[in-house]
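Notes for the structure review
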Amino acid sequence: MRVYTIFKKELKSYFASPIAYIVLFVFSVLSGIFFFIYLQGFVESQFDPRFQFFRERLNLNEFVIRPYFGTISVVLLLMIPIITMRLIAEERKNHTAELLFTSPLKVVHVVFGKFLASFCLFCFMLVFPLIYIVFLGIYGNPDIGPVLSGYLGLLLIGASFISVGLFSSSLTDNQIVAAVFSFGILLFFWIIGASSDPESSVLGYISIINHLDGFTKGVIELKDVVYYVSFTTFGLLLTYAALDSERWR
Amino acid sequence: MIRVQNLTKRYGERIAVNGISFEVQHGEILGFLGPNGAGKTTTMRIITGYMPPTEGMVEIDGFDIVEEPIEAKKRIGYLPENPPLYNDMTVESYLDFVADIKGVSRNEKRENIEFTLERCGLAEVRRRLIGNLSKGFKQRVGIAQALVNNPSVLVLDEPTIGLDPKQIIEIRHLIKSLAGERTVILSTHILPEVTMICTRVVIINEGKIVLEESLERLSGKVEGAQSILLRVSRGGEDIRDRILSIRGVVDVDEGSSGEFIVRSGDGIDIREELAKTVVESGCGLLELRPLTHTLEEVFLKVISTEGG
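In this report, we go over the structure that sits alongside the text. (Residues numbered from 1 in each chain as written. Chains lettered and ligands numbered in written order. Predicted model: local features only at pLDDT ≥ 70, side-chain atom pairs only at ≥ 80, totals over all residues. Heavy atoms only, no water.)

**Observations regarding the sheet that holds strand 3 (residues 29–33) of chain B**
All names here are of chain B. Strand order in the open sheet formed by six strands is 6-7-8-3-9-10, and the pairing between neighbours is mixed. Each end of this open sheet is capped by a strand with a single partner; those strands are strand 6 (76–79) and strand 10 (208–214). When the angles between neighbouring strand axes are averaged without regard to direction, this sheet yields 15°. Strand direction decides the pairing type here: strand 7 (residues 153–157) and strand 8 (residues 183–187), joined by five bridges, are parallel. From the neighbouring strand, Leu 156 faces strand 8, where its bridge partner is Leu 186. (Pairing = 2+ DSSP bridges. Helix = DSSP H or I, 4+ residues; strand = E, 2+ residues; numbered from the N terminus. Axes fitted to C-alpha atoms, helices over the stretch in contact; angles between N-to-C directions.)

**Overview of unusual backbone geometry**
All names here are of chain B. Even without being a glycine, Glu 158 presents a positive backbone phi close to 50°. Here Glu 158 is to be found in the loop between strand 7 and helix 6 (165–178). Positioned with a positive phi, Glu 206 is a non-glycine residue whose angle comes to about 50°. Residue position: Glu 206 is located in the loop between strand 9 (200–205) and strand 10. Among the residues examined, Glu 206 registers a relative accessible area of 57% and is labelled exposed. (Buried < 20%, exposed > 50% of the residue type's maximum accessible area, 1.4 Å probe, protein only.)

**Brief notes about the interface of chain A and chain B**
At the interface, 24 residues of chain A touch 28 residues of chain B. Together chain A and chain B conceal approximately 2500 Å² of surface at their shared face, both sides included; 63% is due to carbon and sulfur atoms. At the boundary of chain A and chain B, one finds one salt bridge. The closest approach of N and O atoms between Glu 98 of chain A and Arg 45 of chain B, which form a salt bridge, is 3.1 Å. For the interface between chain A and chain B, the tally reads four residue pairs in polar contact (both at pLDDT 80 or more). Elements represented by at least two residues in the side of chain A that touches chain B include exactly helix 1 (2–16) and helix 5 (96–101) of chain A. Its residues placed into classes, the side of chain A that touches chain B shows nine nonpolar, seven polar and eight charged. (Contact = heavy atoms within 4.5 Å. Buried area = accessible area lost by both parts, 1.4 Å probe. Salt bridge = Lys/Arg side-chain N within 4 Å of Asp/Glu carboxyl O. Polar contact = N/O pair within 3.5 Å; in protein donor to acceptor, adjacent residues only side chain to side chain. Nonpolar A, V, L, I, M, F, W, Y, C, P; charged D, E, K, R; others polar.)

**Digging into the packing of aromatic side chains**
Geometrically, a pair of aromatic rings is defined through the distance of the ring centres and the angle of the planes. Residue and element names in this part refer to chain A. In the structure shown here, the tally under the stated rule is 16 aromatic pairs over all chains. Ring geometry for Phe 119 against Phe 122: centres 5.7 Å apart, planes inclined by 50°, an arrangement best described as tilted. Taken as a pair, Phe 119 and Phe 122 lie in helix 6 (residues 107–139) at a separation of three residues, close to a single helical turn. Each ring, one from Tyr 227 and one from Tyr 228, has its centre 5.3 Å from the other, and the planes form 75°; the classification is edge-to-face. Chaining the aromatic ring pairs together yields one cluster made of Phe 188, Phe 189, Phe 215, Tyr 227, Tyr 228 and Phe 231. One Lys or Arg, Arg 86, reaches over the ring of Tyr 14 and ends 5.1 Å from the middle of that ring. (Phe/Tyr/Trp six-rings, centres within 6.5 Å; stacked < 30°, edge-to-face > 60°. Lys NZ or Arg CZ within 6 Å of the ring centre and 35° of its normal.)

**Brief notes about the pattern of salt bridges**
Under the definition given, this model contains 26 salt bridges over all chains. The partner of Arg 66 of chain A in a salt bridge is Asp 213 of chain A, and the shortest N-O contact between them spans 3.2 Å. In this pair, Arg 66 of chain A is assigned in helix 3 (residues 60–84) and Asp 213 of chain A in helix 10 (residues 212–217), connecting sequence segments 147 residues apart. For Glu 114 of chain B, the salt bridge identified is with Arg 126 of chain B, shortest N-O distance 2.6 Å.

**Some remarks on the packing of helix 1 of chain A against helix 3 (residues 91–101) of chain B**
Viewed as axis vectors pointing N to C, helix 1 of chain A and helix 3 of chain B meet at an angle of 155°, and their least axial separation amounts to 9 Å. The angle between helix 1 of chain A and helix 3 of chain B places the two elements in the roughly antiparallel class. Our pair here, helix 1 of chain A against helix 3 of chain B, has a crossing hand that is left-handed. Side by side, helix 1 of chain A and helix 3 of chain B meet where Arg 2, Thr 5, Ile 6, Lys 8 and Lys 9 of chain A of the first sit next to Phe 97, Asp 100 and Ile 101 of chain B of the second. Broken down by class, the residue content of the contact of helix 1 of chain A with helix 3 of chain B amounts to three nonpolar, one polar and four charged. (Parallel < 35°, antiparallel > 145°, perpendicular 65-115°, else oblique. Left-handed = near helix turned anticlockwise from the far one by under 90°.)

See below:
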């Protein structure tokens, strides 16, 4: 109940400010452009004589949807810190943190309410790629399985990004600092596995992006799900600890 | 009822609040005074459960703020130094939100919101965005926010700051009318405000209580005895002796131009007798007034003696 109150207020304030509209607009345009680029590449390769012998291996899932999901995750890495930066930093700046933490609420309620509100906005964002893929389904015949698992992967990776953004926001009263800090953490988790093998090395496993690959291929592996769920949980725990300990200092 | 016992708050080396104890009963309005940085806001934040104390304890209607924060916080209405407002909400939806997070039940909510809107004079701006309101209205929304859960304990940190004189009077009336069924703590810089609203005063300085007194007894507190200022147009040696001969007069100081400061013993009212004596002596009574100590004088005196 309390979680819902925070959630509702947070979601309303997204749409009361320009943030939600700008993020949704920019994301719809960017995801549209990328979709167009991948689709155009695919269509051109259909008529390219170099591909004529393995044309049956040219399918929409491999050449459009899979790289498209990969690109979307990069766009999300840049946009999610923008939607999370104000969550707690602004409460501090407006002194409303004092209202929240002198109310009969638990810190857990606040953390979850805010997380869910951002996650909800993020789900709205993901509607746009879905529209493009539905069109693909109407005019082509992509395999629906990898689309669904890819979406699951995006939801999970988005939740992880949001938990990092929420944590950064809980450390400061400055929104810009919060956004920059979450970029920093996310980029770190991105490049950490760049030079190592995703299957066998520790760094490869820690890297946040390596785990998305399986989902876009249509493979839902337990280790990937566990990775994202535990990453998100850890981010939320850190947020909780940051908020709870702050007033004890 | 608020019970504060041996409250201490340390920030590393610095001690912000140092072993404060006091109680506020039902229906009392306690004025919480002190110079800037004395620890008023810290104390209020601890009382409302925003931050925990390093040592000591706070009880709100019998609930310990650290042990049972949820039960205790349900009973508190708190107006912080900076009113906690969401500028992108309307007054009404803001109060609705606050009522929700304070756990006001569904059937009481509507009624409470209407009541606070009415009491704080916000009915006309209920559908406006808080961000567009004037400072006075914002302050009132802050007070409304503290009242919306119908709390039995009200903690107000400088409630009249930033208001114009008319609004200040309105808010003071409001606070006064709210007491009775509630326990109120109020911090302020404006000393006359305390004289007007409060029933009791606690003055703190450098984290310690330097004075705790009911307001009636405050005036006589510093001097212990009464002093009266007397001014006459034609002085003379004999007038001094005449005054000294009045029963109860302890001491007379003579100024340069017909002023006398007459001190009397404890609890004896010499004014009537004094006036009669002076008039009968025919030296032209110009002025006669008791030198009571204003709260300002008391305040400065306690702060400087204890502090230095």
